[in-house]
Amino acid sequence: MSHNPILSFEFFPPKTPRMERTLWRNIGQLEMLKPAFFSVTYGALGSDREHSLETVFNMQRECRVPVAAHLTAAGHTRESLLELAKRFYEAGVERIVALRGDADLLEGGIHDVAVMVQALRSIADFDISVAAYPEAHPKAASLEADLAHLKRKLDAGSQRALTQYFFEADVFLKFRDAAVKAGINKPIVPGILPVHDFEKVQSFSERCGASIPAWMHNSFKGTQAGSIEQKRIGIELAVGLCDRLLREGVEQLHFYTLNIPGLTFELAHQLGIPLAWDERRAGF
Ligand code: FAD
């Protein structure tokens, strides 16, 4: 297997010094894959926003890879959101993942991500990614309504959409076809989650509307939560998924790394993705 896609890697802000060390180990490995950007989540699952900002600014200073800051409309007034965006730009963070977020939308805040994208672009020439949902957002009226909304977010000035994770290639490929039919012509980058702990992934998937196919339950049957065996199966399944997507013309992959060193790196290795010093990777 030998692939050479554009890559991006998502991290969450570490909560303890130990988690911080683990994050940097992971970052060090993944830098060798010469990704287009690293991204850092913001306030996801109730995490501390200050930690997010600290992580973004540290990574911007220390990494050779551009950093994208996730930013949510939720929890901000229009003014505080744009002030923070300006701080990012002044610190050299020129990439934003623009999101609604799951916390409350404030009075005086922006209530539409398309408006948020326009507002961000009015203050600086940001590279902006938005979120997409191959199985529709759990609160969306329909997949068609979701796609129409995605088109508005992209037309407002964002460069690409990063998807929620999914486990079957056909789910993404059908979504990509439907997006083209809906008039979307910007890249829709599949979000890949290598399973590390099947029980945790099941409970999280229920909340975010990603379905777990029956065959996956069989793959993990009899294995222990979070065991090496589960990680091995998780990597094997993700390799199969990515291989199929890349053979179907997908050119970019966004990985949810879960800050676990080795997991995504091993996946990339098995996909035959060259390292930074390999001439095949030099001009990707
Ligand atoms: P929108 O574009 O507003 O919504 C997407 C679709 O969901 C719309 O089509 C709409 O139909 C529907 N929808 C959403 N909310 C509602 C509602 N209340 N009522 C009716 N319909 C609704 N969250 C964080 O907090 N921090 C992060 O760092 C973060 N990173 C993410 C990264 C990626 C790649 C993805 C896919 C998601 C991320 N999320 C994060 C989760 C995201 O904030 C939630 O999924 C949120 O519910 C929707 O955000 P959005 O930007 O897609 O919103």
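As a reminder, the structure under discussion sits directly above these lines.
Another aspect to go through is the site of the ligand. The immediate surroundings of the ligand are formed by 22 residues, with Asp102, Tyr133, Asp146, His149 and Lys153 found nearest. Arg100 places a main-chain nitrogen or oxygen 2.8 Å from an oxygen atom of the ligand. In the environment of the ligand, an oxygen atom lies 2.6 Å from a nitrogen or oxygen atom belonging to the side chain of Asp102. Protein chains shield 84% of the accessible area of the ligand, which is 950 Å² for the free molecule. Elements supplying a minimum of two residues to the shell around the ligand: β3 (67–72), α5 (143–155) and β6 (160–165).

Okay, helix α2 (residues 49–62) next. Between its first and last C-alpha atoms α2 spans 20 Å; for 14 residues at 1.5 Å apiece the expected length is 20 Å, and the two agree. Taken together, the buried positions of α2 are Ser52, Leu53, Thr55, Val56, Phe57, Asn58 and Met59. Where the residues of α2 are buried, they touch β1 (6–11), α1 (17–31), β2 (37–40), β3 and α3 (78–90). With a side-chain oxygen lying 2.8 Å from the backbone nitrogen of Glu50, the N-terminal cap of α2 falls on Asp48.

Any two packed helices are characterised by the angle at which their axes cross and by the distance between the axes. The interhelical angle for the contact between helix α6 (residues 169–181) and helix α9 (residues 228–247), taken along N-to-C directions, is 30°, at an axis separation of 9 Å. Between α6 and α9, the interaxial angle falls into the category roughly parallel. In this structure, the crossing between α6 and α9 has a hand that is right-handed. Along its contact with α6, which presents Ala169, Asp170, Phe172 and Leu173, the element α9 presents Leu241, Arg244 and Leu245. In terms of residue class, the contact of α6 with α9 is built from five nonpolar, no polar and two charged.

Bringing unusual backbone geometry into the picture now. The phi torsion at Ala136 lies on the positive side, around 70°, for a residue other than glycine. Position of Ala136 among the secondary structure elements: in the loop between β5 (127–132) and α5. On the basis of relative accessible area, Ala136 is assigned to the buried category, the value being 16%. Even without being glycine, Asn259 reaches a positive phi, approximately 60°. Here Asn259 is to be found in the loop between β8 (252–256) and α10 (263–270).

Conventions adopted
- Residues numbered from 1 in each chain as written.
- Predicted model: local features only at pLDDT ≥ 70, side-chain atom pairs only at ≥ 80, totals over all residues.
- Heavy atoms only, no water.
- Near = heavy atom within 4 Å.
- Polar contact = N/O pair within 3.5 Å; in protein donor to acceptor, adjacent residues only side chain to side chain.
- Areas by Shrake-Rupley, 256 points an atom, 1.4 Å probe, with all protein chains shown as cover.
- Helix = DSSP H or I, 4+ residues; strand = E, 2+ residues; numbered from the N terminus.
- Expected span 1.5 Å × (residues − 1).
- Buried < 20%, exposed > 50% of the residue type's maximum accessible area, 1.4 Å probe, protein only.
- Contact = heavy atoms within 4.5 Å.
- Axes fitted to C-alpha atoms, helices over the stretch in contact; angles between N-to-C directions.
- Parallel < 35°, antiparallel > 145°, perpendicular 65-115°, else oblique.
- Left-handed = near helix turned anticlockwise from the far one by under 90°.
- Nonpolar A, V, L, I, M, F, W, Y, C, P; charged D, E, K, R; others polar.

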